[in-house]
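Residue-level listing of the chains:
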Amino acid sequence: MDFILATAGYDYSIRLWEPPNVKCFKKVSHPDSQVNKIDISPDGKHIISAGYQQLRLYDINSPSPYAAKTYEKFEKNVTSVGYQRFGKWVYTGGEDSLVCIWDLRTATCQRKLKVSAPVNSVALHPDQSALIIGQERLTCSVWDLRTDREVIFHDSSRKDSNIQSIAIARSAKYIAALDNKGVLRVWRNGRGGSGGIFDKQPPLLTEQCHPNRGIKTVFSPDGEQIVTTSADKTAVLWGFSEVPNNRDEGGERAAVSLVKEHVLHHPEQKWVWDACFTTDSKFLFTGSSDGTVRLWSTRSTEETPSSPSRSPPSPGATSKTHSPLFKKEYAAHQKAVVSICFWDAESFKN
């Protein structure tokens, strides 16, 4: 199989799809808990799921709909999970304020970091040497896995604002964080500090991307776009670029540009919980509270000739028609789809 789309949510199930023909080829059970996050192993053979007090491993090729392995019990919700590049270990973050690294063979926690607040999002540095952590109270930090040191590069005294999603560009040049007020912040990954991450300093860019709750942000693999999703029932594609010849005296902090390109809306779409790009950055999957995953083109050149030429509505605006970038949908879940991931065989080979 060349491609796998995995979807999961509040109906206590995970579904595996063949994306081109919209065929669901497997449904696995996730009893006793909703699914908060999922990730597919680099070799495409397993899927790891995080839920309330649970972390489970499933064999994609097994006929069994049940987990092949269950990890140690957690105290609270596990909010983040992901694989190391070569599938040697997985990381988790949760409401218990712990970030952990798990041995896949023994199903035990090998390393852990206690942070100052509940963890909502964790991203792995492209060189696998550090974990970027998004916490409540607008705290962002880096756990350097080489030195076992945590560096906080952004925090706030505001108790009503939380980092909901954190992401790092594949080039490792930039880090983005979206908060529960719909504000996106972008930092440049400097040379100092932990794992190549700078110590505390203000973001290069702060942008009000949505009128209310922000949920997820992701860089496209080619680094040319950022997507943000929200409770305003939209996902927004932003053009992202570095402004040339605009650096400080040290030559390290270049300005960045964020330009709204497309608002991805659909008349039946509700809260948009998750988003992931295809490996070539040409398409984007989004998961919504209406139980549906939708596929969108990320480029206006992908639109059909009959697509209307018009400016998209602002985030939060209602519309009786869907975005012209809409391609197809994957509808099978009975409740909200809150986590999706995409696996490409060619990416694994490389």
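Only a predicted model underlies this, so the values are computations on that prediction, with no experimental measurement involved. (Residues numbered from 1 in each chain as written. Predicted model: local features only at pLDDT ≥ 70, side-chain atom pairs only at ≥ 80, totals over all residues. Heavy atoms only, no water.)

### Describing unusual backbone geometry
- Unlike most non-glycine residues, Ala107 shows phi in positive territory, near 60°.
- Following the sequence through the fold, Ala107 ends up in the loop between β10 (98–103) and β11 (108–114). (Helix = DSSP H or I, 4+ residues; strand = E, 2+ residues; numbered from the N terminus.)

### Regarding the packing of aromatic side chains
- Following the criterion strictly, the structure yields 12 aromatic pairs and no others.
- With centroids separated by 5.7 Å and ring planes inclined at 90°, the aromatic side chains of Tyr71 and Trp102 adopt a geometry described as edge-to-face. Of this pair, Tyr71 sits in the loop between β7 (69–70) and β8 (78–83) while Trp102 sits in strand β10; the two residues are 31 residues apart in sequence, bridging distant segments of the chain. Just as Tyr71 is buried, Trp102 falls in that class too.
- With a centroid separation of 5.2 Å and 50° between ring planes, the pair formed by Phe74 and Trp102 is classed as tilted. (Phe/Tyr/Trp six-rings, centres within 6.5 Å; stacked < 30°, edge-to-face > 60°. Buried < 20%, exposed > 50% of the residue type's maximum accessible area, 1.4 Å probe, protein only.)

### Looking at the sheet that holds strand β1 (residues 3–9)
- Strand order in this open sheet of four strands is β3-β2-β1-β28, and the pairing throughout is antiparallel. This sheet does not close on itself; its edge strands, each paired only once, are β3 (23–29) and β28 (337–344). Between one strand and the next, the sheet's axes are offset by a mean angle of 20°, whatever the strand orientation.
- Where strand β2 (residues 13–18) meets β3, six bridges bridge the pair, whose relative direction is antiparallel. When the bridges of β3 are listed, Trp17 appears paired with Cys24. (Pairing = 2+ DSSP bridges. Axes fitted to C-alpha atoms, helices over the stretch in contact; angles between N-to-C directions.)

### Description of the pairing of strand β15 (residues 149–154)
- Summarising the sheet, strand β14 (residues 140–144) and β15 pair through five bridges and their orientation is antiparallel. Residue Ser141 lies in a different strand from β15, and its bridge partner there is Ile152.
- Between the antiparallel neighbours β14 and β15 lie four residues, among them Asp148 with a positive phi of about 65°.

### Re the layout of surface pockets
- One number sums up the size of the second largest pocket: a volume of about 220 Å³.
- Along the walls of the second largest pocket sit 14 residues, with Phe3, Pro19, Thr278, Phe283 and Phe342 positioned nearest its centre.
- For the lining of the second largest pocket, the secondary structure elements donating two or more residues are β25 (283–288), β27 (326–331) and β28.
- Tallying contributions element by element places β27 first for the lining of the second largest pocket, with three residues. (1 Å grid on protein atoms, 1.4 Å probe; cavity = no way out; pocket = protein on both sides within 12 Å on 5 of 7 lines; lining within 4 Å. Points joined across faces, edges and corners; volume = space filled by probe spheres on them.)

### Observations concerning the nonpolar core
- With 17 residues, the main nonpolar core has Tyr174, Leu184, Val186, Phe219, Ile226, Phe240 and Leu258 as its most contacted residues.
- Breaking this core down by element, the ones donating at least two residues are β17 (174–179), β18 (183–188), β22 (235–247) and β23 (254–264).
- The residues contacting Ile226, other than those within four sequence positions of it, are Leu184, Thr217, Val218, Phe219, Val236, Leu237, Trp238, Phe240 and Leu258.
- Ala50, Leu55, Tyr83 and Ala107 belong to the second largest nonpolar core, which has 16 residues in total. (Core = buried A, V, L, I, M, F, W, Y, C linked by side-chain atoms within 4.5 Å. Contact = heavy atoms within 4.5 Å.)

### Looking at the environment of Gly93
- In this structure, Gly93 sits in strand β9 (residues 89–94).
- Look past the residues within four positions of Gly93 in its chain and what remains in contact with it is Val78, Thr79, Ser80, Leu98, Val99, Val119 and Val122.

### Quick word on the sheet that holds strand β5 (residues 46–51)
- Taken together, the four strands give an open sheet; going across it, the order is β4-β5-β6-β7, and neighbouring strands pair in antiparallel fashion. Taken across any chain shown, the strands that pair with only one partner, and hence form the sheet edges, are β4 (35–40) and β7.
- As paired elements, β4 and β5 share five bridges and run antiparallel to each other. In the strand pairing of β5, Ile38 is matched with Ser49.

### Considerations on the pattern of salt bridges
- One pass over the full model with this rule turns up 11 salt bridges.
- With a shortest N-O distance of 3.6 Å, Lys181 and Asp160 are connected by a salt bridge. You can see Lys181 sitting in the loop between β17 and β18 and its partner Asp160 sitting in the loop between β15 and β16 (163–168), a full 21 residues away along the chain.
- Of the residues examined, Lys181 reaches a relative accessible area of 33% and is grouped as partly exposed.
- One continuous salt-bridge network, built from bridges that share partners, spans Asp222, Glu224 and Arg299. (Salt bridge = Lys/Arg side-chain N within 4 Å of Asp/Glu carboxyl O.)

### Quick look at the pairing of β1
- Of all seven residues in β1, six are buried, a share of seventy percent or more.
- One ladder, built from four bridges, connects β1 with β2; its direction is antiparallel. Opposite Leu5, over in β2, you have Trp17 as the bridge partner.
- Hairpin connection, β1 to β2: the antiparallel pair is bridged by three residues, and Tyr12 has positive phi, about 65°.

All we've got here are geometric facts, nothing functional implied.
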